[in-house]
Structures are given as C-alpha cells and as structure tokens.
Number of protein chains: 2
Amino acid sequence: MRILVLGGDGYLGWPTALHLSDRGHDVAVLDNFARRSYDDEMGVRSLVPIEPLQRRAQVWHEVSGKRIDVLVGDLCDADFTTDALRRFRPDAVVHYAEQRAAPYSMIDRKHAVYTQYNNVVGTMNVMFAIAELDRDIHLVKLGTMGEYGTPNIDIEEGWLEVEHNGRKDRMLYPKKPGSFYHLSKVHDSHNIEFGCRIWGLRATDLNQGVVYGQQTDQTARDARLATRFDYDAIFGTVLNRFVIQAVLGHPLTVYGTGGQTRGLIDIRDTVECIRLACENPADSGEFRVFNQMTESMSVADIAKTVAASFPDGVDIEYLDNPRVEQAEHYYNVVHTGLVELGLAPHLLSDTLIESLLGVAEAHKDRVDLAAMRPTVNWRSTASPLR
Amino acid sequence: MRILVLGGDGYLGWPTALHLSDRGHDVAVLDNFARRSYDDEMGVRSLVPIEPLQRRAQVWHEVSGKRIDVLVGDLCDADFTTDALRRFRPDAVVHYAEQRAAPYSMIDRKHAVYTQYNNVVGTMNVMFAIAELDRDIHLVKLGTMGEYGTPNIDIEEGWLEVEHNGRKDRMLYPKKPGSFYHLSKVHDSHNIEFGCRIWGLRATDLNQGVVYGQQTDQTARDARLATRFDYDAIFGTVLNRFVIQAVLGHPLTVYGTGGQTRGLIDIRDTVECIRLACENPADSGEFRVFNQMTESMSVADIAKTVAASFPDGVDIEYLDNPRVEQAEHYYNVVHTGLVELGLAPHLLSDTLIESLLGVAEAHKDRVDLAAMRPTVNWRSTASPLR
C-alpha cells in the first residue's frame, strides 16, 4: 500500500514510518517540524539525540534499501495539504501531526488556542483533501484515551449502545476530556465522524493510551534511526519520565495520590497497531474507533514497578497534582478491536524497563533536571514557565 | 445586572439587548458586524431594512431614556475581548457572536474552517477573559438543538444518566451534529464544560431551536429599532422563508419529504429565555444546559400551517434535500428547564403567522427571488454560489 505518515518526524510518526516501510509498504512522511520548535521554545531536548528527518530517511535507505519520501509543510496550509495528497496519492493517511501534550495546551490562552487551531484545522484540511481527491483514502487518525476522561462506566471503543426510557440507539461515546489538548482530539473525532456520514469517508480513530519505550525493531538497526525520548514535564510521558528519574537517583514524582489510572502501550505495539489498521481499512462511510492500549495501571503502580528494578530502592515523591482530575476512579476499558485484527501485545515487564534503563543510562549526561519539575497548573490561565 | 451581549447587532442579539434594557438591566452590545459582511459576500440583505447599530442604540435612548453602550471588535482578537470585559465588567455575558448558518459552513473548506475557527476561538477568548477577570461572571452561551442530531432516544437537557453493564454515570449527552456549523457549537459545549470543571466557571448553554418571528415588544416601538428578517437559502430559517414565499405567491420549498422534525421557538420567547437565564445564574462550576425551544413540528407541517393562512391555497414544492439528514425520525425533546424558571411560551398560531405575513407583505418589493434557491450541497466540498 501507499501510506502517508503525517507528523512523520515525531516520537511515534518516525518509528511508524520505518515499521510500515519494513513491512513492504510505500511510505512518505510529512512534517512541519513543530515538535522540534516546541523544544526550542521550552528550552528542552530529546534525551536521545535525533538526526534531521531527511538524514534519517537517507540512513534508512542505506540500511534497508527502501526509500521514504520526505514532504515538508504545514497541514494548516490547505493548498500544501491538498497538493501533498495529490502528489503522493496514498491509499492510507496516518495522522499523527498534532500538538500532543496536555501541559503545553494548558500553559496559557495562546497555547490553548494554538493547540485547538492547529489540530482541528489541520485535520479539517486533511478531511477536505481526501473528500476532494478520493473518498476511498483511509484516514487513520491518532486520538487519545484522555478523550474519555474517567467515567464511572466501562469505556467502550468509541460507540455506546444507549438504552433510555425504553428506547435504544448506538451513539458516540460521551467524552469528558482533561485538557485543551484532549478537547482538540474530541473535536477532531466529531468532525471526522461527520465526514464519514456526509462524504462516505473511511476513518479509523485510534484512542491511544500513554506510550512507553524508545526502540523498535527498525530504529534499533542504526543509532542514527533513533526516535525522540522526552522526559520533561511538558512532553515526557509518565513511565519514560520515571525511568530517567530512577537512573539519576532522583525521586519519582507522582502527582497527587497516584491513584489516577492510565491505559498504557508499548511503542512496538503502537507501530504494529497502525500497520493492522492500515491493512484492514474501515468500510466506506465507517467511523471506526479502537482503544489503542494494552493494559491499565495506576500512576502509583507504574512508579512502584519502575522502583522495583532498583535493588537499592528509589524514592517516590508525591507532589500536589497540577492537573484537575479525579484522584481515585473506576477505569475499565474495552480494547479488543486491535487484538481481533491480530495484535499480540507486549505487556510491561522488567525486561522492558531494563532496556529503557539502559537507554537512559547511556544518555544521562544530557538530562536537564529543571525541565522535570511541573510548572503548568490547570487552575491558572497563565502558568509560569522555567 | 450589568449584561454584555456579544453579537448584539444580530437577528436575536439586538432584540435581546432591548428586552434586557427594558427590564432594567445595564446593557452593552459588542459586535464585529460579521453578519452584515456575510450579506455583502452573498449579495443578499435583510427583508426588513435595519439601521446601523450605533443609530439603533441612539433611537432606543430617544424612545426609552435608557442607554446601550456599543463596543466594536472581534472576539478572535483576545486583547480586545479581555479589554471589553475589563471595561464593562458584566455580571453576565450573553454570547450570540458566532457564525450561525449551517449552509454557510457547508459552502466549501474555507467557510467550514472559518466557521469553526471563528466560533471556537472567539468562545475560548471569552472563557479565558472571564477566568482571568472574575470567575463569577455568568456565561450565557447560545448553542443549537442541531447539536443533538436526531437520536432514537429522548433528547435530555445536555446531560444523560447512563446505565451500562450495571454501573451508572451522568454524562454529557452524546451529540451527532449535522454541519460544520453545528459541530462548532458541539466543540464550544465541550470547551465550556471543561472551563466549568477546571476554573469553576458558571455557564448556561442554551440549545436553541429554529427561531421564527421578527418583532418583540421593544422593536415594535419604532421602525428604526427593527431587527433583521432573513429569507435567503443560506441564512433564512424555515418558517420565515415559507412566509415570504407564500406572500409572493411562490411555492413553499420543502427539502426531501419534509419529515424532518425541528424544535421551534418564537423570537419573543428567545429574548425572555435569555432574561430568565441571566437573572437565575448557574452555580459556580456548573455547566447548565437548557433546550431553548417550545414545540416540535415537521418541516412539512410547518409548510402546511403557513399554507393554511391562505384561503386561495399555496403550493408546496418538494426539492431534493441538499442536506444529509434522516428523512423520518424519532424526535422527543425535554424542554422543561426554562419553563421551571418562569417561561410562558408563545406557541405557533395563526395570529403570529398573520403578523409575520404583514411584515413580509410590507417589504415584498425588496425580495430577491434568486436568493431563495438552495445552492449549497452537503455532499459536495465546493458548492457553487449564485
């Protein structure tokens, strides 16, 4: 298949492009390097050094003999977006190209508006480009488990059979997102469902859990193929951040009681989920939703699991929670759709944590300690930065 | 109370400002005249001539002795928005200032993106201004019944008690909106509910039905106080459009079978609902939703009701439906919240239709017939305009 990966320079976009290319697909990546510019803005960087995108594509060609085209531009530029799809003519578009950090969206008004504008308008331009060019192009869109919040009922895969006053309907699962970023993904989901309904688009919305890990079979083939590894309080995801804190001998910083439960997924499963979604497209007019996570764990349990890998022990420090969220809550998520397509999950294990510890150990001289303290507070409309 | 009416130059914003002023509130109106510029863009105009906003405010002062301040600017300009709230210091903000026509949002990509950007970003700027200045300012936001779509279960007022696999939660009512415009209001609702949750904002979201009528007690006091009366295929609402077609001796144009049911409300009830919402504010942190409509009627029945006022008869013409919507559907809406606050609804009657017929008759020489034919098709990404 011909697959265009939007946001193909990012933490997951790049390994996804490699995995799809390795499995024989014709892949192009598109990016505007917004993620690298957030680093510049925040004064942080990936723990693991990363090469320029064009260089990475060249190394992949050296290593594998396969080519990945690189397209540079912004999805908010509708002409560029339409032109990119017209030139590459994909069978599937994998869409990672959004601002993806909840804390970044909660810094202040400017960052909140930027996040919603960038994500919603970029996605609308992709939808319109597909509708204009070829409505059979399958849109594989990255959502987030954070769209659902923490309802007191089971979380189904995007749709809910509702019975009310003796009548029934199949409805979009009600959402209660926890940041302006998570809200932007809820807006996207509603817009895309509408596109399926009126234009007959084929779409798969992947509500992804918190991703951990840094290596895939493909990135491991050459150090220059490495993907980012973020540990700062804005872009670092919780397990990756704990691993780095542990390696440095710092306490693991848990927000609140740590009773908040998260859906998790290994980066190797993420890239495989995307392959499965692309190779098994949604039907014409279908808005298909999968919950892209493989297990649930409380933040406190994630901290304990990381700490258990250190015989001498690691301290766990409980900070005031800068987010507004329930401290303890019910969390039971259906995530069978991708397993039915063939996903064989990697579950969190000591082995995995040890390999991550190795990555962190190798680069620990690059850590900026100040970047790890949370500065963004959900209750404020203007959080101080560093 | 001090009440700031955003979009106070519009079809409903202006009569609302007059009604609130008449009832003793200190009122200011804010507008960027986007609605007048859509007229210029589309080459149409209000059937009833309207004065400039500043002139209308002056006439109201002559007629009533009361002042209405006029603020001119765009809510998408955050500095202007924050400054306007800081200067006027309202107790309540009534927010009509959005692009409000489904067909306009469905013209093409540019109009779809404009609608979502304008509505969502403008509302975010209002939320941030309130959160920064005074979280007790009550946000009274106009939504639309079109956010719900036509579910096969009863439509509750914004929230739904869900029971699923033996567990329960109170959740935002699932939405299935029918245009990029309706989607923008769904996005707003999600953003505002979040603002209530994290910042303790007080908000009332009014999901309004299709409004009919042109006069209120206040606008009737002087011809120069008149509000707009739109009949074109983009901005004209269905009952108002039928009245004008009937007066001209043209067939009433019904889309599809006319089996689509709509919630309706008289313009005099709209302005009263806003007064009731302002004078009975939502609690701190409460996202309160009312369905602002007083009765339901199928489009075919609306046409028959208008036709019945003409002894010689009026033809009804069934056109292909340019929208993508269900031809026949269940529609049962709870709308008790505003009645409990004291609303005494005007229901659609022959008297009302006759008074509207008088308005249409008086201005029928201004009608542009070509403006009444639908040109925007939901299935297309680039509809031809006139």
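Conventions we followed
- Residues numbered from 1 in each chain as written.
- Chains lettered and ligands numbered in written order.
- Predicted model: local features only at pLDDT ≥ 70, side-chain atom pairs only at ≥ 80, totals over all residues.
- Helix = DSSP H or I, 4+ residues; strand = E, 2+ residues; numbered from the N terminus.
- Contact = placed C-beta atoms within 7 Å.
- Least-squares fit on C-alpha atoms with pLDDT ≥ 70 in both.
- Pairing = 2+ DSSP bridges.
- Axes fitted to C-alpha atoms, helices over the stretch in contact; angles between N-to-C directions.
- Parallel < 35°, antiparallel > 145°, perpendicular 65-115°, else oblique.
- Left-handed = near helix turned anticlockwise from the far one by under 90°.
- Buried ≥ 20, exposed ≤ 12 C-beta atoms within 10 Å, placed from the backbone.
- Nonpolar A, V, L, I, M, F, W, Y, C, P; charged D, E, K, R; others polar.
- pLDDT = per-residue confidence, 0-100.

K.L.:
Can you walk me through the overall build of chain A in this structure?
P.N.:
Secondary structure summary: chain A contains 12 helices and 14 strands in total. Structurally, chain A occupies a C-alpha span of about 65 × 60 × 40 Å along its principal axes. Sequence-distant contacts in chain A: of pairs separated by 6 or more residues, those separated by 24 or more amount to 83%.

K.L.:
Quick question: what am I supposed to make of the environment of Ser46 of chain B here?
P.N.:
Residues and elements named next belong to chain B. Along the chain, Ser46 falls in the loop between helix H2 (34-42) and helix H3 (53-64). Separated by 189 residues in the primary sequence, Ser46 and Phe235 have C-alpha atoms spaced 9.6 Å apart. Not counting the four nearest positions on each side in its chain, Ser46 is found in contact with Arg228, Phe229 and Asp230.

K.L.:
Hey, could you run me through the relation of the copies chain A and chain B in this one?
P.N.:
When chain A is brought onto chain B, the operation consists of a screw motion whose angular component is 180° and whose axial shift is 0.0 Å, with 0.0 Å RMSD remaining. The superposition operator between the copies reduces to a two-fold rotation axis. Comparing contact sets, 100% of the residues at the interface of chain A also lie at the interface in chain B, consistent with an isologous, same-surface contact.

K.L.:
Honestly, the pairing of strand E7 (residues 167-172) of chain A in this entry has me stumped. Any pointers?
P.N.:
On a regular strand, one side chain projects to one face of the sheet and the next to the other, so that they alternate. Residues and elements named next belong to chain A. Strand direction decides the pairing type here: strand E6 (residues 159-164) and E7, joined by six bridges, are antiparallel. Pairing of Glu161 across the sheet is with Arg170, part of E7. Counted along the chain from E6 to the antiparallel partner E7, the turn is two residues long, and its residue Asn165 has a positive phi close to 50°.

K.L.:
Would you mind showing me how to read the sheet that holds strand E11 (residues 261-266) of chain A here?
P.N.:
In a beta sheet, neighbouring strands are held together by backbone hydrogen bonds and run either parallel or antiparallel to one another. All names here are of chain A. Across the sheet, which stays open at both edges, the three strands sit in the order E9-E11-E13 with mixed pairing between neighbours. Unpaired on one side and paired on the other, strand E9 (210-212) and strand E13 (295-298) mark the two borders of the sheet. On average, adjacent strands in this sheet sit at an angle of 45° to one another, irrespective of strand direction. Summarising the sheet, E11 and E13 pair through four bridges and their orientation is antiparallel. Across the sheet, Gly263 pairs through a bridge with Ser296, a residue of E13. Along the sheet face, helix H9 (residues 267-279) touches E9 and E11 and points at about 75° away from the line of E11.

K.L.:
Explain unusual backbone geometry to me, please; I cannot follow it from the model alone.
P.N.:
In this model, Phe33 of chain A sits at a positive phi of 60°, which is unusual for a non-glycine residue. The topology assignment puts Phe33 of chain A in the loop between strand E2 (26-31) and helix H2 (34-42). With a phi close to 50°, Arg89 of chain B is a non-glycine residue in the positive phi region.

K.L.:
Any chance you could explain the packing of helix H4 (residues 78-88) of chain B against helix H6 (residues 109-133) of chain B here in plain terms?
P.N.:
Any two packed helices are characterised by how steeply their axes cross, that is the angle between the axes, and by the distance between the axes. All names here are of chain B. With their axes 9 Å apart at the nearest point, H4 and H6 run at an angle of 45° to one another. In terms of axis orientation, H4 runs oblique to H6. Considering the relative orientation of H4 and H6, their crossing is right-handed. Contacts from Ala78, Thr81, Thr82, Leu85 and Arg86 in H4 reach Asn125, Val126, Ala129, Ile130, Glu132 and Leu133 in H6.

K.L.:
What's the story with the interface of chain A and chain B in this structure? I'm lost.
P.N.:
Reports of interface size often rely on the accessible area that becomes lost once the parts have come together. With 42 residues of chain A at the contact, the number on the chain B side is 42 residues. Going through the elements one at a time, helix H6 (109-133), E6, E7 and helix H7 (180-199) of chain A are the ones with two or more residues in the side of chain A that touches chain B. With 11 residues, the top contributor of residues to the side of chain A that touches chain B is H6 of chain A.

K.L.:
I tried to follow helix H8 (residues 238-247) of chain A on my own but got confused; where do I start?
P.N.:
An α-helical segment advances 3.6 residues per turn. Residues three or four places apart therefore align on the same side. Residues and elements named next belong to chain A. Here H8 lies mainly inside the structure; 10 of its 10 residues are buried. All buried positions along H8 are accounted for by Val238, Leu239, Asn240, Arg241, Phe242, Val243, Ile244, Gln245, Ala246 and Val247. Against E9, strand E10 (252-255), E11, helix H10 (299-307) and helix H12 (350-362) lie the buried residues of H8. Of the residues trailing H8, Gly249 is marked for its positive phi of about 75°.

K.L.:
I'm lost on the sheet that holds strand E3 (residues 68-72) of chain A in this one. Help?
P.N.:
Residues and elements named next belong to chain A. Reading across from one edge, E3-E2-E1-E4-E5-E8-E12 is the order of the seven strands in this open sheet, with parallel pairing throughout. Because the sheet does not close on itself, it has two edges, and the strands there are E3 and strand E12 (287-292). With direction set aside, neighbouring strand axes in the sheet form an average angle of 20°. The strands that H7 touches are strand E5 (138-144), strand E8 (202-208) and E12; relative to E5, the one it contacts most, it runs at about 155°.

K.L.:
How should I be thinking about the packing of H6 of chain A against H6 of chain B in this particular structure?
P.N.:
Running from N to C, H6 of chain A and H6 of chain B point in directions that differ by 165°, and their axes come no closer than 10 Å. Judged by the angle between their axes, H6 of chain A and H6 of chain B are roughly antiparallel. With respect to the hand of their crossing, H6 of chain A and H6 of chain B are arranged in right-handed fashion. Between H6 of chain A and H6 of chain B, the contacting residues are Arg109, Ala112, Val113, Gln116, Tyr117, Val120, Val121, Met124 and Phe128 of chain A on the first element and Arg109, Ala112, Val113, Gln116, Tyr117, Val120, Val121, Met124 and Phe128 of chain B on the second. Among the residues forming the contact of H6 of chain A with H6 of chain B, the class breakdown is 14 nonpolar, two polar and two charged.

K.L.:
Honestly, the confidence of the model for chain A in this entry has me stumped. Any pointers?
P.N.:
Note that predicted coordinates carrying low pLDDT should not be read in detail. Predicted confidence across chain A gives a mean pLDDT of 96, with 100% of residues reaching 70 or more. Across the predicted assembly, pTM comes out at 0.97 and ipTM at 0.97.

K.L.:
Which parts of the structure should I look at to understand the pairing of strand E12 (residues 287-292) of chain B?
P.N.:
All names here are of chain B. Burial runs high along E12: six of the six residues are buried. Residues Phe287, Val289 and Asn291 line one face of E12 and the alternating positions Arg288, Phe290 and Gln292 line the opposite face, and both faces are buried. Sheet topology note: the strand E8 (residues 202-208)/E12 ladder contains six bridges and is parallel. Bridge assignment links Asp205 to a residue of E12, and that residue is Val289.

K.L.:
Can you help me understand the environment of Tyr148 of chain B in this one?
P.N.:
Within the element layout of this structure, Tyr148 of chain B appears in the loop between strand E5 (138-144) and strand E6 (159-164). Counting along the chain gives 25 residues from Tyr148 of chain B to Tyr173 of chain B, while the straight-line C-alpha distance between them is 8.0 Å.

K.L.:
Would you explain the environment of Thr144 of chain B in this entry?
P.N.:
Relative to the helices and strands, Thr144 of chain B resides in strand E5. Between the alpha carbons of Thr144 of chain B and Arg100 of chain B there is a distance of 9.3 Å; along the sequence they are 44 residues apart.

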